[in-house]
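Chains, contacts and geometry: an overview
Listed below, chain by chain, are the residues.
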Protein chains: 2
Amino acid sequence: MASYVERLHQAIQKKKTPALVGLDPRWDQIPAEIQNSADASGGTCGEIQAKAYEEFCLRIIDVVAPLVPAVKPQSAFFEACGPAGVIALRNVIQAARQAGLLVVCDAKRGDIGSTAQAYAAAYLAGEDPKSAPFGADCLTVNPYMGVDTLQPFVDRAKEVEAGLYVLVRTSNPGAGDFQDRETDSTKLFENVADRVEALSQEMANGNDYSSIGAVIGATYPKELDELRKRMPHVPLLVPGYGSQGGTSADVAGAFDQNGLGAIVNSSRGIIFGFQKGKLAEEFGEEKWEAGVEAATRLMIEDLAANTPAGNL
Amino acid sequence: MASYVERLHQAIQKKKTPALVGLDPRWDQIPAEIQNSADASGGTCGEIQAKAYEEFCLRIIDVVAPLVPAVKPQSAFFEACGPAGVIALRNVIQAARQAGLLVVCDAKRGDIGSTAQAYAAAYLAGEDPKSAPFGADCLTVNPYMGVDTLQPFVDRAKEVEAGLYVLVRTSNPGAGDFQDRETDSTKLFENVADRVEALSQEMANGNDYSSIGAVIGATYPKELDELRKRMPHVPLLVPGYGSQGGTSADVAGAFDQNGLGAIVNSSRGIIFGFQKGKLAEEFGEEKWEAGVEAATRLMIEDLAANTPAGNL
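Residues numbered from 1 in each chain as written. Chains lettered and ligands numbered in written order. Predicted model: local features only at pLDDT ≥ 70, side-chain atom pairs only at ≥ 80, totals over all residues. Heavy atoms only, no water.

1. Re the overall build of chain A
Note the threshold: Secondary structure elements follow DSSP: runs of H or I of four or more residues count as helices, runs of E of two or more count as strands, with numbering from the N terminus. Buried residues are those whose accessible area, probed at 1.4 Å on protein chains only, stays under 20% of the maximum for their type, while exposed residues exceed 50% and partly exposed ones sit between those limits. Here a residue-residue contact requires only that any non-hydrogen atoms of the pair lie within 4.5 Å. Computed with a 1.4 Å probe, the accessible areas rest on the Shrake-Rupley method; for each residue, only the protein chains presented here act as cover. His residues and chain termini do not enter the charge count, which takes Lys and Arg as positive and Asp and Glu as negative. For charged residues, the charge sits on one atom: NZ in Lys, CZ in Arg, CG in Asp, CD in Glu.
Counting its regular elements, chain A contains 14 helices and 10 strands. Principal-axis analysis of the C-alpha atoms gives chain A an extent of 60 × 45 × 40 Å. Across the 312 residues of chain A, 64% fall into the buried class. If you take every contact in chain A between residues at least 6 apart in sequence, the share linking residues at least 24 apart comes to 73%. With the model as given, the accessible surface of chain A reaches about 10,800 Å², and the carbon-plus-sulfur share is 46%. Distance from the positive charge centre (28 side chains) to the negative charge centre (41 side chains) of chain A: 1 Å.

Quick look at the structure:
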């Protein structure tokens, strides 16, 4: 058995990139061939969309599995299809794991005591995907309710060798509304960071990193640099690269000198990369899978050229 | 069409109680007759548990529908069964609505932009349960990521006449870790409260209350009293009564003088009430549904005797 962060770092070193592909399917952007095939199979609108999302994501997994260490399905888009979408989410997670990818389920769960235990049991499987119904390696969680509400997730992560990314500094424009509130020269997000570092340091047990990570948006590079130093044992998940405006220079501070300690997510920029700019001209919808591969390779090259990921 | 808060207040006045029954099924507490029947139908462990949860909740709905205005299924326990549990959750929500109950789906979702839109579209249906896959009247949401991440939920609530309860002051022991952080004499939860009041006041459009509500735990009665005054347009959802230690005296401050403006949740104390104390002696598992009814009636009487709900 290896811990989440050990498996993650092995995968990063094997693929020589910290690029994370976000699986955020949206009906109006799915290639027409997949829409038509799902439509032809019939069912409710939610069932048809779920079928299309599953096929789209499975074909993306085939493309990216040789290239990147991990994928991050966004639960919201699957839940929006109703129960059929949740079945598709489970199938996508299982397919990604069978393809040798690590899976971070982006569901941003959080609740008290035994309710948090139930969420942790639903999603966190660690190395054996069959040890939880949704079978992910890792889950994003929300800290607002307090450290006691993170503990059941931490306990489960320890038990099954799974991982967590706790929301610390998010990538959205209004991230600072509450996260930036300041007391005694510490902002709320810094206080959350300190508590997550404490949980992570304890779990690291002498190693460089533990499996208790944090989400820090690429859209706030100064905070990202500071938080990397503030949370030395915490692996980072950095959203906001690409479509949200973050660049490779913005995320460079997330890594240690070996290029470890962080994964950088791109969702729309990869999975719908064939719909914009030069990739649209070169590939378009007809060769959309080649467009997804090209977008992935561009991201990998960009991170290698402009961040410590080049040292991998 | 009537807004969520109008429908809620009509239902509270019709049933003459603000008691909210939380549907938090747990396998090891489900009556053996239901466990056995689910076991006999076969399937995976998750499928069997989901089947039992659905039957248990549907029978509770039959018992409580004539007595209370609303129920609050806890999504985590259903998700812990995997996709089969999510189908059961959808069926429980639909059955509750068919029985004339309002449904608050307790899923504590929260994310940025279009992802928040997807969650809102998944759960918030308003008066027409078919207008969203899960078809709830109302959803609990987490504010940590900022006001811009609440806006898609607010927009959807306006569009379909649904409701929200934003986490402000939760009921768990560690609630204060981040929520109590203070700046300029305002604590974080007070700052969140002010932002929720602003959203709610705008939506109230001259009425006493809007459909943008807040979660405030019964386990912090002083804060509850203060927040009621601080958020005059905000309907409250008060967890923590009963099993978590909150009393009717603790929740009295949540109401206006007419007994409106709040609903008080009890989960384990109602649905597993037949397993403890006098109700266990009088009813036990053999007459568990009568025990659920008795526990519900005791809560209704307690709230009527010791809070402004007696004025309904």
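2. Examining the pairing of strand E1 (residues 19-23) of chain A
Residues and elements named next belong to chain A. To keep things clear, this is the line we draw: Pairing between strands is defined by DSSP: at least two bridges between them are needed.
Of all 5 residues that make up E1, 5 are buried, and the element is covered over most of its length. Residues of E1 alternate between two faces, with Ala19, Val21 and Leu23 on one and Leu20 and Gly22 on the opposite face, all of them buried. Strand direction decides the pairing type here: E1 and strand E10 (residues 262-266), joined by 3 bridges, are parallel. Bridging across to E10, Ala19 finds its partner in Val264. The sheet contact formed by E1 and strand E2 (residues 70-73) spans 4 bridges and is parallel. Of the residues in E2, the one forming a bridge with Gly22 is Lys72.

3. Considerations on the layout of surface pockets
As a reminder, the rule being used: Points on a 1 Å grid over protein atoms alone make up a cavity when a 1.4 Å probe fits among them but cannot get out, and a pocket when they form an open set with protein on both sides within 12 Å along at least five of seven lines; lining residues each have an atom within 4 Å of a point. Grid points are joined across faces, edges and corners, and a volume is the space filled by probe spheres set on the points. Polar here means any residue outside two lists: the nonpolar Ala, Val, Leu, Ile, Met, Phe, Trp, Tyr, Cys and Pro, and the charged Asp, Glu, Lys and Arg; Gly therefore counts as polar.
Its boundaries defined by the atoms lining it, the largest pocket holds a volume of some 730 Å³. If you list the elements that add at least two residues to the lining of the largest pocket, you get helix H5 (83-98), helix H6 (113-123) and helix H7 (147-160) of chain A together with helix H3 (45-64) and helix H5 (83-98) of chain B. Grouping the amino acids of the lining of the largest pocket by side-chain chemistry returns 18 nonpolar, 7 polar and 8 charged.

4. Examining the relation of the copies chain B and chain A
The line we're drawing: Only residues with pLDDT of at least 70 in both copies count here: their C-alpha atoms drive the least-squares fit that superposes the copies.
Taken as rigid bodies, chain B and chain A are interconverted by a rotation of 180° and an axial shift of 0.0 Å, the fit giving an RMSD of 0.0 Å. Each copy turns onto its partner about a two-fold axis. An overlap of 100% is found between the interface residues of chain B and their copies at the interface of chain A, pointing to a shared contact surface.

5. Observations regarding the packing of helix H9 (residues 188-204) of chain B against helix H10 (residues 221-230) of chain B
Residue and element names in this part refer to chain B. For clarity, the threshold we go by: The axes are straight lines fitted to the C-alpha atoms, using for helices just the contacting stretch, and the angles between their N-to-C directions are given from 0 to 180°. Angles are sorted into four bins: roughly parallel if under 35 degrees, roughly antiparallel if over 145, roughly perpendicular if 65 to 115, and oblique for all others. If you view the pair so one helix is near and one far, a crossing is left-handed when the near helix is turned anticlockwise from the far one by less than a right angle, and right-handed when it is turned clockwise.
At their nearest, the axes of H9 and H10 sit 10 Å apart, and the two run at 30° to each other. It follows from the interaxial angle that H9 and H10 lie roughly parallel. The chirality of how H9 crosses H10 is right-handed. Along the contact surface, H9 presents Phe189, Glu190, Ala193, Asp194 and Glu197, while H10 presents Glu223, Glu226, Leu227 and Arg230. When grouped by side-chain class, the residues that make up the contact of H9 with H10 number 3 nonpolar, no polar and 6 charged.

6. Some points on the nonpolar core
As a reminder of what qualifies: For this analysis, a nonpolar core means a set of buried residues of the types Ala, Val, Leu, Ile, Met, Phe, Trp, Tyr and Cys, connected via side-chain atoms within 4.5 Å.
One finds Val168(A) and Val168(B) to be the most contacted residues of the largest nonpolar core, which totals 224 residues. With near-sequence residues (within four places) excluded, Val168(A) lies in contact with Gln179(A), Phe189(A), Val192(A), Ala193(A), Val196(A), Ala214(A), Val215(A), Ile216(A), Leu227(A), Met231(A) and Tyr144(B).

7. Thoughts on the UniProt feature "domain: Orotidine 5'-phosphate decarboxylase" (unreviewed entry) in chain A
The test is simple: UniProt positions are given in the numbering used here, feature names are shortened, and annotations may be inferred rather than shown by experiment.
Mapped onto this structure's residue numbering, the UniProt feature "domain: Orotidine 5'-phosphate decarboxylase" (unreviewed entry) falls at residues 18-283 of chain A. Here residues 18-283 of chain A is 45% helix and 17% strand, with 25 Å between the C-alpha atoms at its ends.

8. Topic: helix H2 (residues 32-41) of chain A
Residues and elements named next belong to chain A. Defined as follows: Our arc is simply the arc of the directions from the helix axis toward the C-beta atoms.
Listing the buried residues of H2 in full gives Ile34, Gln35 and Ala38. Buried residues of H2, viewed axially, fall in a sector of 100°; they line one side. Just downstream of H2 lies Gly42, where phi reads positive at about 75°.

9. What about the packing of helix H6 (residues 113-123) of chain B against helix H7 (residues 147-160) of chain B?
All names here are of chain B. Orientation of H6 relative to H7, taken along the N-to-C sense of each, is 35°, at an axis distance of 8 Å. Note that H6 runs across H7; the crossing there is right-handed. Contacts between H6 and H7 involve Gly113, Ala116, Gln117, Tyr119, Ala120 and Ala121 from the former and Thr149, Pro152, Phe153 and Arg156 from the latter.

10. Here's the deal with the interface of chain B and chain A
In many analyses, interface size is given as the accessible surface area lost on bringing the parts together. Formally: When two components associate, each loses some accessible surface as probed by a 1.4 Å sphere; the sum of these losses over both components is called the buried area. For salt bridges, the criterion is a side-chain nitrogen of Lys or Arg within 4 Å of an Asp or Glu carboxyl oxygen. Polar contacts, as used here, are pairs of N or O atoms within 3.5 Å; protein pairs need one atom able to donate a hydrogen and one able to accept it. Residues neighboring in sequence count only if both atoms are side-chain atoms.
Contact residues are listed per partner, giving 58 residues for chain B and 58 residues for chain A. Carbon and sulfur atoms supply 57% of the area buried between chain B and chain A, which totals about 4,800 Å² over both sides. Our count for the chain B to chain A interface comes out at 5 salt bridges. A salt bridge links Asp111(B) to Lys108(A); the shortest N-O distance between them is 2.8 Å. Put simply, chain B and chain A have 31 residue pairs in polar contact (both at pLDDT 80 or more) between them. Of the residues forming the side of chain B that touches chain A, the biggest block, 6 residues, is contributed by H6(B). In terms of residue class, the side of chain B that touches chain A is made up of 27 nonpolar, 18 polar and 13 charged.

11. Some details on the UniProt feature "active site" (unreviewed entry) in chain A
Per the UniProt record, the feature "active site" (unreviewed entry) sits at Lys108(A). Apart from the residues within four sequence positions on either side, Lys108(A) is in contact with Gln74(A), Thr140(A), Val141(A), Asn142(A), Leu167(A), Lys108(B), Gly110(B), Asp111(B) and Met145(B).

12. Some words on the pattern of salt bridges
All names here are of chain B. Summed over the entire model, instances satisfying the criterion amount to 35 salt bridges over all chains. Residue Arg230 is joined to Asp194 by a salt bridge in which the shortest nitrogen-to-oxygen separation is 2.7 Å. Linking Arg230 in helix H10 with Asp194 in helix H9, this pair joins segments that are 36 residues apart in sequence. Of the charged contacts in the structure, one is a salt bridge between Glu226 and Lys222, with a shortest N-O distance of 3.5 Å.

13. Let's talk about the sheet that holds strand E4 (residues 138-141) of chain A
Residue and element names in this part refer to chain A. Spatial strand order, E1-E2-E3-E4-E5-E8-E9-E10: 8 strands in a closed barrel with parallel pairing. Shown here is a sheet whose adjacent strand axes are inclined to one another by a mean of 30°, direction ignored. The sheet strands contacting H5 are E1, E2 and strand E3 (102-109), and the helix crosses E3 at an angle near 150°.

14. Overview of the sheet that holds strand E9 (residues 236-238) of chain B
Residues and elements named next belong to chain B. The 8 strands are arranged E1-E2-E3-E4-E5-E8-E9-E10 in a closed barrel whose pairing can be described as parallel. Going from strand to strand, the sheet's axes swing by 30° on average, the running direction of each strand aside. Two elements, strand E5 (residues 163-169) and strand E8 (residues 212-216), share 5 bridges in a ladder whose sense is parallel. By the bridge assignment, Tyr165 is partnered in E8 with Gly213. Across the face of the sheet, H5 comes into contact with strand E1 (19-23), strand E2 (70-73) and strand E3 (102-109) while running at roughly 150° to E3.

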